[in-house]
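A look at the structure
Residues per chain, in single letters:
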There are 2 protein chains.
Amino acid sequence: MNAKTKALFEARAKIMKALAHPTRLFIIHELSRKQRCVCELTEMIGADTSTVSRHLSVLKSAGIIADDKRGVQVYYNLRMPCVLNFFGCVESVIKSTAREQMELLKR
Amino acid sequence: MNAKTKALFEARAKIMKALAHPTRLFIIHELSRKQRCVCELTEMIGADTSTVSRHLSVLKSAGIIADDKRGVQVYYNLRMPCVLNFFGCVESVIKSTAREQMELLKR
DNA sequence: TGTTTATTTGGCAATATCGACAAATATCTT
DNA sequence: AAGATATTTGTCGATATTGCCAAATAAACA
């Protein structure tokens, strides 16, 4: 595997890593409905504000969301709605795995 | 956020985590072309066999790939080709971020 | 049966991620 | 300027991930 190929997959992995956390997936889901400020998301998630802010910064630096400062508040919005298309596939993986587990139990 | 919602996003995150590593993304890419045995993938990746085997086991337990034992060798194949559809979106995130960086440099 | 080859698994050190607290920063208000 | 509110950042302990080596397992074959 040459350096260029390696760089490509590393760049992709960086985005995937940003998506690989339940809280961040929730944030994406919520931002797909409407933009939200940190305090609103913190309220919904029920973690420390600093924790939520860190998750937002991970998503932002991956280029998935963008921020919009309004006075004291910072509103975040989904910059790459195409990520949502993926969840159908993820869901099918989950379902298929679950179905398989069931089959194994039947015996 | 209730327990059910939380479980949904945790299940999704588990799949995303499996996809969040450059070597595993390479494996998926390679398996999308044709099925491969561990030794072939090891050769291409240039890591220890045990390392490659571990990556394969992560992908398998997430339900993304499946194995097919043939004598001493184990061939792996892509069970969820829909994951490939996502990379177009990932690519657009990468490009868009890169473009933005360029704009910043122009000033 | 003993040997060879392919793969998996146990264990360990290095590194990365996570979540919370405290402190810093920024904006608005008085 | 001082206070209040929203957010970010520094730090740290806990936990998870990664990659390699060595050892275990499994199948094919002499």
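The structure displayed is predicted, hence computed values, not measured ones.

Details of the interface of chain A and chain B
- Taken residue by residue, the interface counts 36 residues in chain A and 36 residues in chain B.
- For the chain A and chain B pair, buried surface summed over both sides reaches about 3400 Å², with 77% attributable to carbon and sulfur atoms.
- Where A:Glu91 meets B:Arg12, a salt bridge forms, and the shortest distance between an N and an O atom there is 3.1 Å.
- Between chain A and chain B we count six residue pairs in polar contact (both at pLDDT 80 or more) in total.
- The set of elements that each furnish at least two residues to the side of chain A that touches chain B consists of α1 (3–19), α2 (22–33), α3 (38–45) and α5 (86–106) of chain A.
- It is α5(A) that contributes the most residues to the side of chain A that touches chain B, eleven residues altogether.
- Looking at side-chain class alone, the side of chain A that touches chain B contains 24 nonpolar, six polar and six charged residues.

Topic: the state of the cysteines
- Per the counting criterion, the structure on display carries two disulfides over all chains.
- Two residues, A:Cys89 and B:Cys82, share a disulfide whose sulfurs are 2.0 Å apart. Taking the torsion about the sulfur-sulfur bond, which here is approximately 70°, the covalent link between A:Cys89 and B:Cys82 counts as right-handed. In this pair, A:Cys89 sits in helix α5 while B:Cys82 sits in the loop between β3 (73–78) and α5 (83–106), so the two residues belong to two different chains.

Topic: the environment of A:Asp67
Residues and elements named next belong to chain A.
- Turning to its location among the elements, Asp 67 is positioned in strand β2 (residues 65–70).
- The spatial distance from the C-alpha of Asp 67 to the C-alpha of Lys 17 is 20 Å, given a sequence separation of 50 residues.
- With residues up to four places along the chain from it excluded, the contact list for Asp 67 reads Lys 60, Val 74, Tyr 75 and Tyr 76.
- At 3.2 Å, the side chain of Asp 67 and the side chain of Lys 60 are in polar contact.

Re the environment of A:Ser92
- Mapped onto the fold, A:Ser92 is located in helix α5.
- Residue classification places A:Ser92 among the partly exposed residues on the basis of a relative accessible area of 30%.
- Along the sequence, A:Ser92 and A:Thr5 sit 87 residues apart, while their C-alpha atoms lie 29 Å from each other.
- When sequence neighbours within four positions are dropped, the list of residues in contact with A:Ser92 reads B:Met80 and B:Cys82.

Some details on the nonpolar core
- A:Met16, A:Ile64, A:Phe86, B:Met16, B:Ile64 and B:Phe86 are the most contacted members of the largest nonpolar core, which totals 60 residues.
- Apart from residues no more than four positions distant in its own chain, B:Ile64 is found in contact with B:Ile15, B:Ala18, B:Leu19, B:Ile28, B:Leu59, B:Leu78, B:Arg79 and B:Met80.

Thresholds, definitions, all that
Residues numbered from 1 in each chain as written. Chains lettered and ligands numbered in written order. Predicted model: local features only at pLDDT ≥ 70, side-chain atom pairs only at ≥ 80, totals over all residues. Heavy atoms only, no water. Contact = heavy atoms within 4.5 Å. Buried area = accessible area lost by both parts, 1.4 Å probe. Salt bridge = Lys/Arg side-chain N within 4 Å of Asp/Glu carboxyl O. Polar contact = N/O pair within 3.5 Å; in protein donor to acceptor, adjacent residues only side chain to side chain. Helix = DSSP H or I, 4+ residues; strand = E, 2+ residues; numbered from the N terminus. Nonpolar A, V, L, I, M, F, W, Y, C, P; charged D, E, K, R; others polar. Disulfide = S-S within 2.5 Å. Buried < 20%, exposed > 50% of the residue type's maximum accessible area, 1.4 Å probe, protein only. Core = buried A, V, L, I, M, F, W, Y, C linked by side-chain atoms within 4.5 Å.

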